[in-house]
Amino acid sequence: MSAITEEIQKLDITALRKEFPVLNQQINGKPLVYFDNAATSQKPDVVIKAIEEYYQGYNANIHRGIHTLAEKATKAFEDTRETLRAFLNATEKEEIIFTKGTTESINLVAGSYGRKFIREKDEIIISAMEHHSNIVPWQMLCEEKGAVLKVIPVSEKGEILMEAYEELLSERTKIVSVVYASNSLGTINPVKELIDKAHDKGAIVLLDAAQAAAHEEIDVQTLDCDFLAMSAHKVYGPTGMGALYGKRSLLEDMPPYQGGGEMIKDVSFAKTTYNDIPYKFEAGTPNIADVVAFREAIHFVNRLGKKNIAAHEAEILDYATEKLQAIPDIRLIGTADDKVSVLSFVIEGIHHFDIGQMLDAAGIAIRTGHHCTQPLMNEFGLEGTARASFAVYNTKEEVDSMVVGLEKIIKFLKQ
Ligand code: PLP
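Let me begin by describing the structure that accompanies this report.

Cut-offs applied
Residues numbered from 1 in each chain as written. Predicted model: local features only at pLDDT ≥ 70, side-chain atom pairs only at ≥ 80, totals over all residues. Heavy atoms only, no water. Buried < 20%, exposed > 50% of the residue type's maximum accessible area, 1.4 Å probe, protein only. Helix = DSSP H or I, 4+ residues; strand = E, 2+ residues; numbered from the N terminus. Right-handed = clockwise from strand over helix to strand, strands pointing away. Pairing = 2+ DSSP bridges. Salt bridge = Lys/Arg side-chain N within 4 Å of Asp/Glu carboxyl O. Near = heavy atom within 4 Å. Polar contact = N/O pair within 3.5 Å; in protein donor to acceptor, adjacent residues only side chain to side chain. 1 Å grid on protein atoms, 1.4 Å probe; cavity = no way out; pocket = protein on both sides within 12 Å on 5 of 7 lines; lining within 4 Å. Sits in = over half its atoms within 2 Å of the grid points. Nonpolar A, V, L, I, M, F, W, Y, C, P; charged D, E, K, R; others polar. Lys, Arg positive; Asp, Glu negative; His and termini not counted. Points joined across faces, edges and corners; volume = space filled by probe spheres on them. Axes fitted to C-alpha atoms, helices over the stretch in contact; angles between N-to-C directions. Contact = heavy atoms within 4.5 Å. Parallel < 35°, antiparallel > 145°, perpendicular 65-115°, else oblique. Left-handed = near helix turned anticlockwise from the far one by under 90°.

Another aspect to go through is the pairing of strand β8 (residues 204-208). Consecutive side chains along a regular strand alternate between the two faces of the sheet. The buried fraction of β8 amounts to five of the five residues, a majority that puts the element mostly inside the structure. Alternating positions in β8 separate into two faces, Ile204, Leu206 and Asp208 on one and Val205 and Leu207 on the other, with burial throughout. Between the parallel pair strand β7 (residues 173-179) and β8, the chain is carried across by helix α7 (residues 191-200), and the sense of this crossover is right-handed. As paired strands, β8 and strand β9 (residues 227-231) are joined by three bridges and run parallel to one another.

Structural data, given as structure tokens:
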């Protein structure tokens, strides 16, 4: 874990768990242990209640209405934009665009900026540890434009090979799109260095912050990234909701991504003029309820403090790493020096699906498979891994339950 200082406060995890109704249940007769947080984190009461309150109290379409409910809904919606601006330390709230999540944010940049500015033989650089959502949109763009996709290799520990990156960069590089923290390996990438080197060549940089947003302090001005994509549901917020940060100068130069209501200034059959940012990129009635709930999720994270969250998760990660390393049959995948709380592993001779199923029988939810990073799995010569990923409400006792479960599985399947 990075950037942990002495101001850390210990969180009361027992009290905190009570804010997450879903955690208080039995699965297959055992208390639920939820270790699938990299796929989606659970939602605190405040987030769930925000959705209910919106539909029960002030459901109305936003921006164009002059009645009280419309004004209330618009205010709540735009408050989330300001909350996100502060969360990412963007200069202006107009630089925050609401999307369905990281996937749509990346597609927006590829489909709008990419379509306008990428030419034949231009180069786009990604890394070998990208999620499919940061591979496929660029492949589609390259195919359409005759551009070339280049891939930064990673080391055995799962770290970006910086020298290889420097060799890939050239005057032809137009976009670098890299993951801030890997969902399969946990690696936190040296994003500032990646950004500075790309800028030296005149390329713009998109950061996939889907995993980083819940754990890392993000300051888009200090990072100087050009775009940043994130999903609400990995930061204790609702699913199908997220944001794209983009520098004003770039967003203003980009064509709309979708056409429809809200993104226009004036429409006639002869010609349409487009709205200003951010609305130019928000065609149609948005997911107002989930935008409002997204604000509560960010407030929740702010209330706890990212440093405190990161410190607690680091403790759990270190504890779990030590425990799993002590089991001879287990091999950890992704052992970078700087990691978010993701622990991928394989057990020689046991399929990861069997591990997942048998842990589920004990009430323990982990993820198994390629984690939407098939090319990375191929690099490691694996079909998939078992992955435990931790959030602020997880405990060492839960790790102990998983360890007991894993020991049983090994004993049972290896005899
Ligand atoms: N990028 C990373 C690193 C992820 O972990 C994920 C989701 O697992 C995504 C992108 C896609 O996020 P979403 O499905 O919310 O769009």
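A word on the pattern of salt bridges. One pass over the structure, following the stated rule, counts 29 salt bridges. Where Glu262 meets Arg64, a salt bridge forms, and the shortest distance between an N and an O atom there is 2.2 Å. Of the two residues, Glu262 sits in the loop between α9 (248-253) and β11 (264-267) while Arg64 sits in the loop between α2 (45-57) and α3 (68-88), which places them 198 residues apart along the sequence. Residue class for Glu262 comes out buried when judged on its relative accessible area of 15%. Taking relative accessible area as the criterion, Arg64 reaches 55% and is therefore assigned exposed. The closest approach of N and O atoms between Arg81 and Glu78, which form a salt bridge, is 2.8 Å. Taken as a pair, Arg81 and Glu78 lie in helix α3 at a separation of three residues, close to a single helical turn. By the burial criterion, Arg81 is buried, and Glu78 matches it. What emerges from the salt-bridge pattern is a single network uniting Lys75, Asp79, Arg295 and Glu296.

Turning next to the site of the ligand. Neighbouring residues of the ligand: 13 residues in total, closest Thr103, Asp208, Gln211, Ser231 and Lys234. Between Thr103 and the ligand, the recorded distance is 2.6 Å, taken from a side-chain N or O atom to an oxygen atom. Within the contact set of the ligand, an oxygen atom lies 3.4 Å away from a side-chain nitrogen or oxygen of His131. A molecule is said to occupy a pocket when more than half its atoms come within 2 Å of that pocket's grid points, and by this definition the ligand occupies the largest pocket. Of the residues that constitute the shell around the ligand, the class distribution is two nonpolar, nine polar and two charged.

On to the side chain of Lys306, then. One can find Lys306 in helix α11 (residues 306-325). As a buried residue without a salt bridge, Lys306 has its nearest oppositely charged side chain in Glu217, at a separation of 5.6 Å. Of note is the side chain of Lys306, whose polar atom sits 2.7 Å from the backbone oxygen of Glu216.

A few words on the layout of surface pockets. If you add up the space inside the largest pocket, you get close to 340 Å³. Taken together, 23 residues line the largest pocket, and the ones lying closest to its centre are Ala38, His131, Asn183, Lys234 and Cys372. A class-by-class count of the residues in the lining of the largest pocket yields six nonpolar, 12 polar and five charged.

On the basis of which strands lie adjacent, the open sheet formed by seven strands has the order β4-β10-β9-β8-β7-β5-β6 and mixed pairing. Among the strands making up the open sheet, the edge pair consists of β4 (96-99) and β6 (148-152). Neighbour-to-neighbour, the strand axes of this sheet turn through a mean angle of 20°, independent of strand direction. Each of β4, β9 and β10 (242-246) touches α3; the most contacted strand, β4, lies at about 115° to it.

Contact geometry of α11 with helix α14 (residues 396-414) gives a least axis separation of 10 Å together with a crossing angle of 20°. As the angle between them shows, α11 and α14 are arranged roughly parallel. Every pair of crossing elements has a handedness; the one defined by α11 and α14 is right-handed. Within the contact between the two elements, α11 uses Glu315, Ile316, Tyr319, Ala320, Lys323 and Leu324 and α14 uses Lys396, Val399, Asp400, Met402, Val403 and Leu406. By residue class, the composition of the contact of α11 with α14 is eight nonpolar, no polar and four charged.

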